[in-house]
Amino acid sequence: MNTSLPTPPDVLRCAYAELIVTDLVKSREFYVDVLGLVVTHEDDDAIYLRAFEEYLHHSLILRKGPEAAMSVMAYRVRSEAELDVAEEYYRALGVRVERMAAGHTRGIGQAVRIEDPLGFPVEFFYEAEHVERFTRRYDVHGAGAISRLDHFNVVTPDVGAAREYYEGLAFKVSEDIRGGDDDNNTVYAAWMYRKPTVHDVALTGGDGPRMHHIAFATHERTQILHLCDHLGALRQSDKIERGPGRHGVSNAFYLYLLDPDGHRIEIYTHDYYTGDPDNPTLTWDVHDNQRRDWWGSPVVPSWYSEASNVLDLDGNVRELVHREESREADVTIGADGFSYTREPGEEKGFKVGSQV
Ligand code: XXG
Ligand code: FE2
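Residues numbered from 1 in each chain as written. Chains lettered and ligands numbered in written order. Predicted model: local features only at pLDDT ≥ 70, side-chain atom pairs only at ≥ 80, totals over all residues. Heavy atoms only, no water.

(A) Structural view of the overall build of the protein. Secondary structure summary: the protein contains 7 helices and 19 strands in total. Expected size for 356 residues packed as a compact globule is a radius of gyration near 21 Å; at 20 Å, the protein falls within 12% of this value. If you line up the protein on its principal axes, its C-alpha atoms span 60 × 55 × 40 Å. Out of the 356 residues belonging to the protein, those deemed buried represent 54%. Contacts in the protein between residues far apart in sequence, at least 24 positions, make up 70% of those at least 6 positions apart. (Helix = DSSP H or I, 4+ residues; strand = E, 2+ residues; numbered from the N terminus. Rg over C-alpha atoms; globule rule 2.2 N^0.38 Å. Buried < 20%, exposed > 50% of the residue type's maximum accessible area, 1.4 Å probe, protein only. Contact = heavy atoms within 4.5 Å.)

(B) Representation of the side chain of Asn 153 in the model. Tracing the chain through its elements places Asn 153 in strand E9 (residues 148-156). Among the polar contacts made by the side chain of Asn 153, one reaches the side chain of Thr 204 at a distance of 2.7 Å. Contact partners of Asn 153, with chain neighbours within four places excluded, come to Ala 202, Thr 204, Met 211, His 212 and His 213. (Polar contact = N/O pair within 3.5 Å; in protein donor to acceptor, adjacent residues only side chain to side chain.)

(C) Representation of helix H4 (residues 159-168) in the model. Buried within H4 we find Val 159, Ala 162, Arg 163, Tyr 165, Tyr 166 and Gly 168. Where H4 begins, one side-chain oxygen reaches toward the backbone nitrogen of Gly 160, 3.2 Å away; that side chain belongs to Asp 158. At the C-terminal side of H4, Ala 170 shows a positive phi close to 70°.

(D) Quick peek at the pattern of salt bridges. Taken as a whole and judged by the stated rule, the model has 25 salt bridges. Here Arg 264 and Glu 241 are joined by a salt bridge, their closest N and O atoms 2.7 Å apart. You can see Arg 264 sitting in strand E16 (residues 264-269) and its partner Glu 241 sitting in strand E14 (residues 240-246), a full 23 residues away along the chain. If you follow the salt bridges from partner to partner, you end up with Arg 96, Glu 98, Glu 115, Asp 314 and Arg 318 in one network. (Salt bridge = Lys/Arg side-chain N within 4 Å of Asp/Glu carboxyl O.)

(E) Spatial organisation of the environment of Asp 176. Along the polypeptide, Asp 176 turns up in strand E10 (residues 172-178). Residue classification places Asp 176 among the buried positions, given a relative accessible area of 1%. Considering only alpha carbons, one finds Asp 176 and Trp 191, 15 residues apart in sequence, at a separation of 6.1 Å. Once residues lying within four places of it in the same chain are set aside, the contact partners of Asp 176 are Arg 163, Ala 189, Ala 190, Trp 191, Leu 282, Thr 283 and Trp 284. One polar contact links Asp 176 to Thr 283, side chain to side chain, over a distance of 2.7 Å.

(F) Geometry of helix H5 (residues 221-233). Spanning 13 residues, H5 covers 19 Å between terminal C-alpha atoms, matching the ideal 18 Å at 1.5 Å per step. Every buried residue of H5 is listed here: Gln 223, Ile 224, Leu 227, Cys 228 and Leu 231. Each buried residue of H5 sits inside an arc of 150° when the element is viewed along its axis, so together they form one side. For H5, exposure combined with an orientation more than 90 degrees from the buried face picks out Thr 222, Asp 229 and Ala 233. Considering only its buried residues, H5 is in contact with helix H1 (24-34), E14, strand E15 (253-258) and E16. Downstream of H5 by a residue or two, Arg 235 has a phi angle that is positive, lying close to 60°. (Expected span 1.5 Å × (residues − 1). Arc of directions from axis to C-beta.)

(G) Local environment of unusual backbone geometry. Omega for the bond connecting Gly 208 with Pro 209 falls within 30 degrees of zero, at 10°, which places this linkage in the cis form. One can find Pro 209 in the loop between strand E12 (201-205) and strand E13 (210-217). The omega torsion across Gly 243 and Pro 244 is 5°, close enough to zero to call that bond cis. With respect to the secondary-structure elements, Pro 244 resides in strand E14. You will see that Ala 170, though not glycine, has its phi angle at about 70°, which is positive. Following the sequence through the fold, Ala 170 ends up in the loop between H4 and E10.

(H) Inspection of the side chain of Glu 175 at higher detail. Checked against the element boundaries, Glu 175 lands in strand E10. Within the buried core, Glu 175 has no salt-bridge partner, and the shortest N-O distance to an opposite charge, that of Arg 292, equals 9.7 Å. In terms of polar contacts, Glu 175 uses its side chain to reach the side chain of Tyr 272, at 2.5 Å. Dropping the residues within four chain positions of it, Glu 175 is found in contact with Ala 190, Trp 191, Gly 248, Val 249, Ser 250, Tyr 272, Thr 281, Leu 282 and Trp 284. (Lys, Arg positive; Asp, Glu negative; His and termini not counted.)

Structure follows, in structure tokens:
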């Protein structure tokens, strides 16, 4: 970490993402009719959506465009004053920085937009329009009710460097996956947080920058099962990519869906509190076949290989940088479902990663 940098902005949490989609009608069917997200505003260009517990204008924007991509991932900061802090921090980091006037995006006040050192289009904002919070609107919830945005997951070629960048922004690591054959020097993935949950952003090793998924939280496991039943009844089971299952990392119950453009959306519930200052980091061995699915279900290859392109601040697709270190898929294909879950002598034992 560069210690001569100015103070980083005080990030509260991941707050919204903007996805470029090619057909707003089809996307609306998926996000509104199936997932049940609430429409705050829609016009010919974009749909602004929020989940039932959210009172900011939106947590997801679907914007019509020629090619599917992720165009903004936005973090909320603690106050308007943090925008100056962010501007100074990123100017010192030497990346592209733009100050955005209030209203640059419907419902959002002034903001700072950057191309972060990992190549992602990132926004910091505080002011946002408040809208009705649907927490008690059980009359419209439906059984698959999605409560809030939970995290972003990004693909980046050097997870170690990405982790250092986010540590510089005062994110902490809740869990990570490392190589077991090389003294744990290869980092395959890391989960990092500002809000007191397992993560606001997960770093997945691979050719990047690409967006792996955006995750929304529900309150109960049954809501995830209901979404699977709902998709089955619509004869759209092909929208289910992976799961339902229980993650090893995070302990969350999960389901990965693919939207009509192939953007991956995770529905997620049941992770744990991380808000104490000495919250330990849990490290998983990449050969542990329960790390990504606690029941040992194999991970489908597309989950490791496919991800959405991201745009730069001019709206152009970012070129990918190849991951040089070994890929988790190569380490674990043939191993997922076949490698050890226990060491000799541990037959009845209970072992989960290692904590520092
Ligand atoms: O949110 C997550 C994930 O990043 O989507 C993936 C929590 C855990 C996992 S993993 O597949 O590693 O269990
Ligand atoms: Fe996730």
